[in-house]
Protein chains: 2
Amino acid sequence: MSLSVGQVSRLAGVTVRTLHHYDEIGLLSPGERTAAGYRRYTDDDLVRLQQVLLYRELGFPLEEIAVILDDPRVDELTQLRRQHELLIRKSDRLREVITAVERAIEARARGITLTPEERLEVFGAFRPEDHDAETERRWGGTDAYADSRRRVASYTKADWLALKAEAAAVGEELAAAYTAGLPAGGEPAMDLAERHRLHISRWFYTCTYDIHRCLGELYVSDPRFTAVYDEAAPGLAGYVRDAIAANAARHDH
Amino acid sequence: MSLSVGQVSRLAGVTVRTLHHYDEIGLLSPGERTAAGYRRYTDDDLVRLQQVLLYRELGFPLEEIAVILDDPRVDELTQLRRQHELLIRKSDRLREVITAVERAIEARARGITLTPEERLEVFGAFRPEDHDAETERRWGGTDAYADSRRRVASYTKADWLALKAEAAAVGEELAAAYTAGLPAGGEPAMDLAERHRLHISRWFYTCTYDIHRCLGELYVSDPRFTAVYDEAAPGLAGYVRDAIAANAARHDH
DNA sequence: CATGAACCCTCACGCCACGTCAGAGGCAAA
DNA sequence: TTTGCCTCTGACGTGGCGTGAGGGTTCATG
């Protein structure tokens, strides 16, 4: 039931040389040897190998791995649990990097230039839990935001042009309806609100009527958004919010 | 607006030596130097540094990174997109490793021993998309399963004992009700089904009535589950399913 | 103006985790 | 016995820096 170096190497996806090396430094010596001196790995050796590879994947130096694994006070289950936590942490870190890249892509695709700080932020050493607190709070833990990021990241330049043209068209028509004095609760305004909702669903994330309502509120409560609309026509932000609300209400019956 | 080595190193979370090294091998040479020979990094240099660090994080050798970045046919956006995909792939890989560790923890905590293949599988070289097809299919892409894994991974031995005792109690009472001839649609049986549902919610994942119904079906359709129940009393699996269905129906009105 | 303290420079050697031969032997099937 | 594939033990090489040594630069103080 014991395995040769070659078999173990194939099973574990490491080279024979690596196994030799681990034997040399005493990190993982096979439990047995044949008369001819061939290494024979037992099941226990493979358990240890799994541990070694996991800690290695986590970036520990081999010497330290030996110390960790040879601690007699710590059993396998505890090791696994430690590894699990470290892996989760690594996974979180990776997600941050991915988000940063998505942000960079988005910025680049729209022609915005990020500051060096924004670009390199994710590599910086210690950063406390500022994380994405604002976004989290605002979107209440939905994954619409992550969803959006992921989709946006795959857009080509052409996609962005189409997207912006579409957004501009809806925006202009809303502004026109507003300046023409059409009521926010009227059919034309509500239809435009619906187009706005579909635009978001198509390009960013599934925008339910509830989410759309929240967005409407945001347009008047968040100055950064308000500015965009009110630049086109003062008071437009509020008009848009009302049209969205009316459209959502119409849909609810 | 240019930065010194020290400033860049702090910003990017790398050592000064690393920046010197990148300059030495021609991977990233600062755009300017002061009269005294001090390195001065421009914004463009920082953009390049971001790229370098990303590819490095992805495990590329420095020499290859130079080749990739110096390809004149590929612009920054394309680079970012490539990086994004590689990062996603890495993230998926990491999730697999985490799942494997969770499986190992679970097995260990219950006293089951995994085969070496199962343990080392995740490290093996090429593995096609067998992934978790069965689980995926069965649970229809809900994240109840992942949820469960994550929670289970943090249980101590004591937790497992409590968990098993609780499960055994519910199981025995169900068997007793069945052998006593109590109807599956009766109040006692339905109450037991509800306790069963709460047990799952408490220890594994949020078990809605719908999910619970599916579980009931599973108990009669999957021989591995059927065996567990019918071992206690032949026909118990079907009884449990009916009790679960009745309890769910009761809840729906 | 001198004097630290904090930067920065260029060698140059060291280290870790293997990769990559070389030369020799082991083993099962043909 | 030959053929083909393992496996063994040295031993040197390599990539990506770490870690000094020895010395110049800059700038706010005494």
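Notes on the structure follow.

About the criteria used
Residues numbered from 1 in each chain as written. Chains lettered and ligands numbered in written order. Predicted model: local features only at pLDDT ≥ 70, side-chain atom pairs only at ≥ 80, totals over all residues. Heavy atoms only, no water. Helix = DSSP H or I, 4+ residues; strand = E, 2+ residues; numbered from the N terminus. Buried < 20%, exposed > 50% of the residue type's maximum accessible area, 1.4 Å probe, protein only. Contact = heavy atoms within 4.5 Å. Areas by Shrake-Rupley, 256 points an atom, 1.4 Å probe, with all protein chains shown as cover. Arc of directions from axis to C-beta. Phe/Tyr/Trp six-rings, centres within 6.5 Å; stacked < 30°, edge-to-face > 60°. Near = heavy atom within 4 Å. Polar contact = N/O pair within 3.5 Å; in protein donor to acceptor, adjacent residues only side chain to side chain. Nonpolar A, V, L, I, M, F, W, Y, C, P; charged D, E, K, R; others polar. Expected span 1.5 Å × (residues − 1). Buried area = accessible area lost by both parts, 1.4 Å probe. Salt bridge = Lys/Arg side-chain N within 4 Å of Asp/Glu carboxyl O. Axes fitted to C-alpha atoms, helices over the stretch in contact; angles between N-to-C directions. Parallel < 35°, antiparallel > 145°, perpendicular 65-115°, else oblique. Left-handed = near helix turned anticlockwise from the far one by under 90°.

**Structural notes on the overall build of chain A**
Then step 1. Within chain A one finds 13 helices and 2 strands.
Then step 2. Residue burial in chain A is summarised as follows: out of 253 residues, 44% are buried.
Then step 3. Sequence separation of 24 or more characterises 60% of the internal contacts of chain A that already satisfy a separation of 6 or more.
Then step 4. Counting every atom, chain A has about 13,600 Å² of accessible surface; 55% of that belongs to carbon and sulfur.

**Brief notes about helix H1 (residues 5–12) of chain B**
Residues three or four positions apart in an α-helix share a direction because the helix packs 3.6 residues into each turn.
Then step 1. Residues Val5, Gly6, Val8, Ser9 and Ala12 of chain B constitute the buried set of H1 of chain B. Along the axis of H1 of chain B, the buried residues cluster in a sector spanning 165°; they form a single face.
Then step 2. In this fold, the buried residues of H1 of chain B make contact with helix H6 (116–120) of chain A together with helix H2 (16–24), strand S2 (39–40) and helix H3 (43–57) of chain B.
Then step 3. Looking one or two residues beyond H1 of chain B, the residue adopting positive phi is Gly13 of chain B, at roughly 70°.

**As for the packing of aromatic side chains**
Residues and elements named next belong to chain A.
Then step 1. Evaluated as defined, the whole model comprises 2 aromatic pairs over all chains.
Then step 2. When the centroid spacing of 5.3 Å and the interplanar angle of 85° are considered together, the rings of Tyr55 and Phe60 count as edge-to-face.
Then step 3. By relative accessible area, Phe60 is classed as buried at 19%.

**So, the protein's contact with DNA strand C**
Then step 1. Of all residues adjacent to DNA strand C, which total 19 residues, the nearest are Thr15 and Tyr22 of chain A together with Ser4, His20 and Arg39 of chain B.
Then step 2. Near the protein, meaning within 4 Å, the atoms of DNA strand C are sugar or phosphate in a fraction of 72%, with bases accounting for the rest.
Then step 3. Here Gly6 of chain B contributes a backbone N or O atom positioned 3.1 Å from a phosphate oxygen of DNA strand C.
Then step 4. The side chain of His20 of chain B places a nitrogen or oxygen atom 2.7 Å from a phosphate oxygen of DNA strand C.
Then step 5. For the surface near DNA strand C, the secondary structure elements donating two or more residues are helix H2 (16–24) of chain A together with H1 and H2 of chain B.
Then step 6. Sort the elements by how many residues they give to the surface near DNA strand C and H2 of chain A lands first, with 4 residues.
Then step 7. Counted by class, the surface near DNA strand C contains 7 nonpolar, 7 polar and 5 charged residues.

**Brief notes about the side chain of Thr18 of chain A**
Then step 1. Structurally, Thr18 of chain A is set in helix H2.
Then step 2. Looking at Thr18 of chain A, its side chain comes within polar contact range of the side chain of Thr15 of chain A, at 2.8 Å.

**Side note on helix H5 (residues 76–110) of chain A**
Then step 1. Its 35 residues give H5 of chain A an end-to-end C-alpha distance of 51 Å, which sits within 8% of 51 Å, the value for a rise of 1.5 Å per residue.
Then step 2. Two residues or fewer past H5 of chain A, Gly111 of chain A is found with a positive phi of approximately 85°.

**A word on the interface of chain B and chain A**
Then step 1. Chain B puts 42 residues into the contact, and the matching count from chain A is 42 residues.
Then step 2. Summed over both sides, the interface of chain B with chain A buries roughly 4,200 Å², with 70% coming from carbon and sulfur.
Then step 3. Considering only the side of chain B, the residues that lose the most area to chain A are Arg119, Leu120 and Phe123 of chain B, jointly responsible for 15% of the buried surface there.
Then step 4. The closest approach of N and O atoms between Glu76 of chain B and Arg108 of chain A, which form a salt bridge, is 2.4 Å.
Then step 5. Where chain B meets chain A, there are 6 residue pairs in polar contact (both at pLDDT 80 or more).
Then step 6. Broken down by secondary-structure element, the contributors of at least two residues to the side of chain B that touches chain A are H1, H3, helix H5 (76–110) and helix H6 (116–120) of chain B.
Then step 7. Tallying contributions element by element places H5 of chain B first for the side of chain B that touches chain A, with 20 residues.
Then step 8. Residues of the side of chain B that touches chain A, tallied by class, amount to 24 nonpolar, 7 polar and 11 charged.

**Some details on the packing of helix H3 (residues 43–57) of chain A against helix H4 (residues 62–70) of chain A**
Residues and elements named next belong to chain A.
Then step 1. In contact at an axis separation of 10 Å, H3 and H4 are set at 130° when each is read in the N-to-C sense. When the axes of H3 and H4 are compared, the pair comes out oblique. Considering how the two elements wind past one another, H3 and H4 form a crossing that is right-handed. The segment H3 lies against H4, with Arg48, Gln51, Val52, Tyr55 and Arg56 engaging Ile65, Ala66, Ile68, Leu69 and Asp70.

**Observations regarding the protein's contact with DNA strand D**
Then step 1. Taken together, the neighbourhood of DNA strand D is formed by 19 residues, with Ser4, His20 and Arg39 of chain A together with Tyr22 and Tyr38 of chain B sitting nearest.
Then step 2. The sugar-phosphate portion of DNA strand D accounts for 70% of its atoms within 4 Å of the protein, the bases making up the rest.
Then step 3. A distance of 2.8 Å separates a phosphate oxygen of DNA strand D from a polar atom in the side chain of Thr15 of chain B.
Then step 4. Residue assignment for the surface near DNA strand D shows that the elements contributing at least two residues are helix H1 (5–12) and H2 of chain A together with H2 of chain B.
Then step 5. The leading source of residues in the surface near DNA strand D is H2 of chain B, at 4 residues.
Then step 6. Grouping the constituent residues of the surface near DNA strand D by class yields 7 nonpolar, 7 polar and 5 charged.

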